[in-house]
Amino acid sequence: MKLILENHGYPPMWTRANTFEPLVHIILEQQVSLASALATLHKLKEKLTEIVPENILELSDEEMRECYVSRQKKCLHQRIG
């Protein structure tokens with residue numbers, strides 16, 4: 001580890017805001033490709049305007065599917081509630 005740090009230095013600092021929306025994005029990125037996660041995040045933003053727990057909980061299963069949130073990814077919806 002010391003050799004890696006000497007050669008490359010420490011990784012850059014976190015650049016995402018410390019808010020709920022980046023957390024949703026991170027969860028999505030863990031489940032699908034980065035491009036798919038970003039597409040899903042954009043669909044959610046389009047549907048909700050603001051990605052906050054209260055707004056996500058208001059979505060029906062059908063609305064979640066319309067935002068590319070599959071049954072497998074629906075854990076996001078279940079974890080918030």
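Residues numbered from 1 in each chain as written. Predicted model: local features only at pLDDT ≥ 70, side-chain atom pairs only at ≥ 80, totals over all residues. Heavy atoms only, no water.

S.K.: An account of the overall build of the protein chain is needed here, citing residue identities and associated values.
M.R.: Each helix and strand counted, the protein chain has 6 helices and 0 strands in total. Traced from its N-terminal end to its C-terminal end, the protein chain shows the element sequence α-α-α-α-α-α. Expressed as a percentage of its 81 residues, the buried residues of the protein chain come to 28%. Nonlocal contacts in the protein chain, meaning residues at least 24 apart in sequence, comprise 42% of its contacts between residues at least 6 apart. Accessible surface, the protein chain as shown: approximately 6,000 Å² in total, 55% of it carbon and sulfur. (Helix = DSSP H or I, 4+ residues; strand = E, 2+ residues; numbered from the N terminus. Buried < 20%, exposed > 50% of the residue type's maximum accessible area, 1.4 Å probe, protein only. Contact = heavy atoms within 4.5 Å. Areas by Shrake-Rupley, 256 points an atom, 1.4 Å probe, with all protein chains shown as cover.)

S.K.: Please provide a residue-by-residue account of the environment of E21, values included.
M.R.: With respect to the helices and strands, the residue E21 is situated in helix α2 (residues 20-31). Taking relative accessible area as the criterion, E21 reaches 23% and is therefore assigned partly exposed. For E21 and K45, which are 24 residues apart along the polypeptide, the C-alpha to C-alpha distance reads 9.3 Å. Not counting the four nearest positions on each side in its chain, E21 is found in contact with L41, K45 and I51.

S.K.: How would you summarise helix α3 (residues 34-48) if you had to cite specific residues and measurements?
M.R.: Along its 15 residues, α3 runs 21 Å from first to last C-alpha, staying within 8% of the 21 Å computed at 1.5 Å per residue. Residues A37, T40, L41, L44 and L48 constitute the buried set of α3. On an axial view of α3, the arc spanned by its buried residues comes to 100°, and they lie on one face. Exposed side chains of α3 directed beyond 90 degrees from the buried face belong to A35 and E46. Next to the buried residues of α3 lie α2 and α4 (53-58). Directly beyond the C-terminal end of α3, a positive phi value near 70° is found at T49. (Expected span 1.5 Å × (residues − 1). Arc of directions from axis to C-beta.)

S.K.: Mind laying out the nonpolar core, listing which residues take part and the relevant values?
M.R.: Formed by V24, L28, A37, L41, L44, L48, I51, I56, L59, M64, C67 and V69, the largest nonpolar core amounts to 12 residues. With 4 residues, the single largest contributor to this core is α3. (Core = buried A, V, L, I, M, F, W, Y, C linked by side-chain atoms within 4.5 Å.)

S.K.: Go over the pattern of salt bridges, please, and point to the residues and values.
M.R.: Under the definition given, this model contains 7 salt bridges. The residue E21 makes a salt bridge to K45 at a minimum N-O spacing of 3.1 Å. Placement of the pair is E21 in helix α2 and K45 in helix α3, with a sequence separation of 24 residues. The residue E63 makes a salt bridge to K47 at a minimum N-O spacing of 3.7 Å. On the criterion of sequence distance, the pair formed by E63 in helix α5 (residues 61-66) and K47 in helix α3 is long-range, its members being 16 residues apart. Judged by its relative accessible area of 24%, E63 is partly exposed. Bridged by salt links that share partners, the residues K47, E63 and E66 form one connected network. (Salt bridge = Lys/Arg side-chain N within 4 Å of Asp/Glu carboxyl O.)

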